[in-house]
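Next come the chains, spelled out residue by residue.
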Amino acid sequence: MAAIDLRSDTITHPTDEMRRAMAAAEVGDDVFGEDPTINALQERAAEMLGQEAGLLTASGTMSNLIAALTWCSRGDEMVMGQEAHMFWNESGGPTALSGAQVRLVPNDANGKISAADVQAAVRDATNIHVPATTLVCLENTHNRCSGGVMTPQDTREVVDVAHAAGAAVHLDGARIFNAAVALEVPAAELTRDVDDVSFCLSKALSCPVGSVLCGSQDFITRARKWRKMVGGGMRQAGVLAAAGVVALDTMVERLADDHPNARRLAAGLANIDGLTVDPDSIHTNIVIFEVDREKVGDARQVIAALREDGVLVSHSREQSLRMVTHRHVTSDDVEEALSRVNATIRRLAASA
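Now for a description of the structure that goes with this document.

Cut-offs used in this document
Residues numbered from 1 in each chain as written. Predicted model: local features only at pLDDT ≥ 70, side-chain atom pairs only at ≥ 80, totals over all residues. Heavy atoms only, no water. Axes fitted to C-alpha atoms, helices over the stretch in contact; angles between N-to-C directions. Helix = DSSP H or I, 4+ residues; strand = E, 2+ residues; numbered from the N terminus. Left-handed = near helix turned anticlockwise from the far one by under 90°. Contact = heavy atoms within 4.5 Å. Nonpolar A, V, L, I, M, F, W, Y, C, P; charged D, E, K, R; others polar. Pairing = 2+ DSSP bridges. Polar contact = N/O pair within 3.5 Å; in protein donor to acceptor, adjacent residues only side chain to side chain. Expected span 1.5 Å × (residues − 1). Phe/Tyr/Trp six-rings, centres within 6.5 Å; stacked < 30°, edge-to-face > 60°. Buried < 20%, exposed > 50% of the residue type's maximum accessible area, 1.4 Å probe, protein only. Lys NZ or Arg CZ within 6 Å of the ring centre and 35° of its normal. Parallel < 35°, antiparallel > 145°, perpendicular 65-115°, else oblique. Patch = residues over 30% accessible without salt bridge, like charges linked within 9 Å, V, L, I, M, F, W, Y side chains within 5 Å. Areas by Shrake-Rupley, 256 points an atom, 1.4 Å probe, with all protein chains shown as cover. Salt bridge = Lys/Arg side-chain N within 4 Å of Asp/Glu carboxyl O. Core = buried A, V, L, I, M, F, W, Y, C linked by side-chain atoms within 4.5 Å.

Contact geometry for helix H2 (residues 36-48) and helix H11 (residues 238-250): axes closest at 8 Å, N-to-C directions at 30°. Note that H2 runs across H11; the crossing there is left-handed. Facing H2, whose interface residues are Thr-37, Ile-38, Leu-41, Arg-44, Ala-45 and Met-48, H11 presents Gly-238, Ala-241, Ala-242, Gly-244, Val-245, Leu-248 and Asp-249. Of the residues contributing to the contact of H2 with H11, the split by class is 8 nonpolar, 3 polar and 2 charged.

What follows is the structure, encoded as structure tokens:
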């Protein structure tokens, strides 16, 4: 029985076209700025996001770290949502390496942070007793909030508050193209007001590795030095960038296939006794659902049981599981996964 892997869109493999492009990629030394394929990817990414320049990095975590290092100094403060990927899943790097502390504000169910909460959180830069707020971090789509999206207006409201306080705004846009497809707007509409944005090539865009950080030319010049400092000078990485060029040309529109699959998955899960999810809350490709401990058992035990039955899922919170649709998951796979999950949950409930 073939496993249906719903742990993450990071498990996607490069397409045949990507592999051919990688094999034929023209390369050079990127630390000297001489890799033509990397340069082409950076220019294309910046153009699509309405920014002046781009910088290839090894991962989304590295891009987010570099943004924090570029905007923050020791003793500064960055504001982000309490469910931010930068806070939960990046090993404390932004704080540990920039020397700036993090101040958390609430995320709503869709992952948005409000302008009012940001206004209340930013510090008075003239007060010598408090750290200066130099950065506000947003996330779109939101990983821990079922792939929720921020509209251009949502972003602009927070940006206006941050800029009025003298803080920059970094957008963790790991899945920004999912947001753009879901909202049916160009990605540049979602990034035009922020000071920089990062996005991942290695998630639903199906590249084997990489992220691109985009912003003004001055920002990227400063960020490039931080990338070098944290070990991100990858030399002839055009063999990786070639997959990114193909992805931006061929993989963005197909993200629309993943979103209805996720909604179909959520609707099916909602009909299984012992699981709770609101299908109407699913806008992109991430489905987070609750497991009733009394009816079914511990979430980690559920993960193990599902694995035995050929459905791979990830752990989100104490009693929450996460499923992510991607190009290797068809509509038939969704129906088969739901059938297997239903059988697994019924078996666990019977023994609970």
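We now examine the sheet that holds strand S12 (residues 314-317). Spatially, the 4 strands line up as an open sheet ordered S9-S10-S13-S12, and their pairing is antiparallel. Single-partner strands in this sheet number two, and they are strand S9 (275-276) and S12. Sheet contacts for helix H12 (residues 255-270): S9, strand S10 (286-291) and strand S13 (320-324); angle to S10, the most-contacted strand, approximately 10°.

As for its position among the elements, Asp-195 is in the loop between helix H9 (187-191) and strand S7 (196-200). Sequence separation between Asp-195 and Ala-116 is 79 residues; the distance between their C-alpha atoms is 20 Å. The contact partners of Asp-195, leaving out residues within four places of it in the chain, are Gln-51, Trp-71, His-163, Ala-167, Ala-168, Val-169, Gly-215 and Ser-216. A polar side-chain atom of Asp-195 sits 2.7 Å from a polar atom in the side chain of His-163. At 2.7 Å, the side chain of Asp-195 forms a polar contact with the backbone nitrogen of Val-169.

Bringing helix H10 (residues 217-229) into the picture now. For H10, spanning 13 residues, the distance from its first C-alpha to its last is 19 Å, which sits close to the expected 18 Å at 1.5 Å a residue. Each element contacted by the buried residues of H10 is listed here: H2, strand S2 (53-57), helix H3 (60-71), S7 and strand S8 (211-215).

Spatially, S2-S8-S7-S6-S5-S3-S4 is the arrangement adopted by the 7 strands of the open sheet, whose pairing is mixed. Each of the sheet's edge strands pairs with one partner strand only, and the pair in question is S2 and strand S4 (101-105). Mean inter-strand twist for the sheet, computed between neighbouring axes without regard to direction, equals 20°. In this structure, strand S3 (residues 77-81) lies alongside strand S5 (residues 133-139), joined through 3 bridges in parallel fashion.

Scanning the model with the defined rule gives 3 aromatic pairs in all. Centre to centre, the rings of Trp-71 and Phe-219 are 5.1 Å apart; their planes meet at 20°, and the pair counts as stacked. Here Trp-71 is found in helix H3, whereas its partner Phe-219 is found in helix H10, with 148 residues between them in sequence. Using a relative accessible area of 0% as the deciding quantity, one classes Phe-219 as buried. The lysine or arginine in question, Arg-144, covers the ring of Trp-88, its NZ or CZ lying 3.9 Å from the ring centre. One residue, Arg-222, lies across the ring of Trp-71, its end atom 5.2 Å from the ring centre.

Structurally, Thr-95 is set in helix H5 (residues 93-98). Look at Thr-95 and you get partly exposed, because its relative accessible area is 34%. When the C-alpha positions of Thr-95 and Ala-168 are compared, they lie 16 Å apart, and in sequence the two are 73 residues distant.

We now examine the environment of Arg-175. Along the chain, the position of Arg-175 falls in the loop between strand S6 (168-172) and helix H8 (176-183). The class for Arg-175 is buried, based on a relative accessible area of 5%. Sequence-wise, Arg-175 and Asp-258 are 83 residues apart; in three dimensions their C-alpha atoms are separated by 12 Å. Apart from the residues within four sequence positions on either side, Arg-175 is in contact with Ser-8, Asp-9, Asn-140, Thr-141, Asn-143, Lys-203, Asn-285, Ile-286 and Arg-322.

Here helix H7 (residues 152-164) contains 13 residues, and its C-alpha end-to-end distance of 18 Å stays within 8% of the 18 Å for a straight helix at 1.5 Å per residue. Within the sequence span of H7, burial applies to Pro-152, Asp-154, Thr-155, Val-158, Val-159, Val-161 and Ala-162. Directly beyond the C-terminal end of H7, a positive phi value near 85° is found at Gly-166.

This part covers the packing of H3 against H10. Running from N to C, H3 and H10 cross one another at 115°; their axes reach a closest spacing of 9 Å. It follows from the interaxial angle that H3 and H10 lie roughly perpendicular. Two packed elements cross with a definite hand, and for H3 against H10 that hand is right-handed. On the side of H3, the interface is formed by Met-62, Ile-66, Ala-67, Leu-69, Thr-70 and Trp-71, while H10 contributes Phe-219, Arg-222, Ala-223, Trp-226 and Arg-227. In terms of residue class, the contact of H3 with H10 is built from 8 nonpolar, 1 polar and 2 charged.

Attention shifts here to a nonpolar patch on the surface. A cluster of nonpolar side chains, contributed by Phe-87, Trp-88 and Leu-104, occupies part of the molecular surface with about 290 Å² of accessible area. Position of Trp-88 among the secondary structure elements: in helix H4 (residues 85-88).

Now for the nonpolar core. For soluble globular proteins, the rule of thumb is that nonpolar side chains tend to be buried together. Val-136, Phe-177, Phe-199 and Leu-205 are the most contacted members of the largest nonpolar core, which totals 53 residues. Ranked by residues supplied to this core, first place goes to H11 with 6 residues. One finds Val-277, Val-296, Ala-299 and Leu-321 within the second-largest nonpolar core, a separate group that totals 30 residues.

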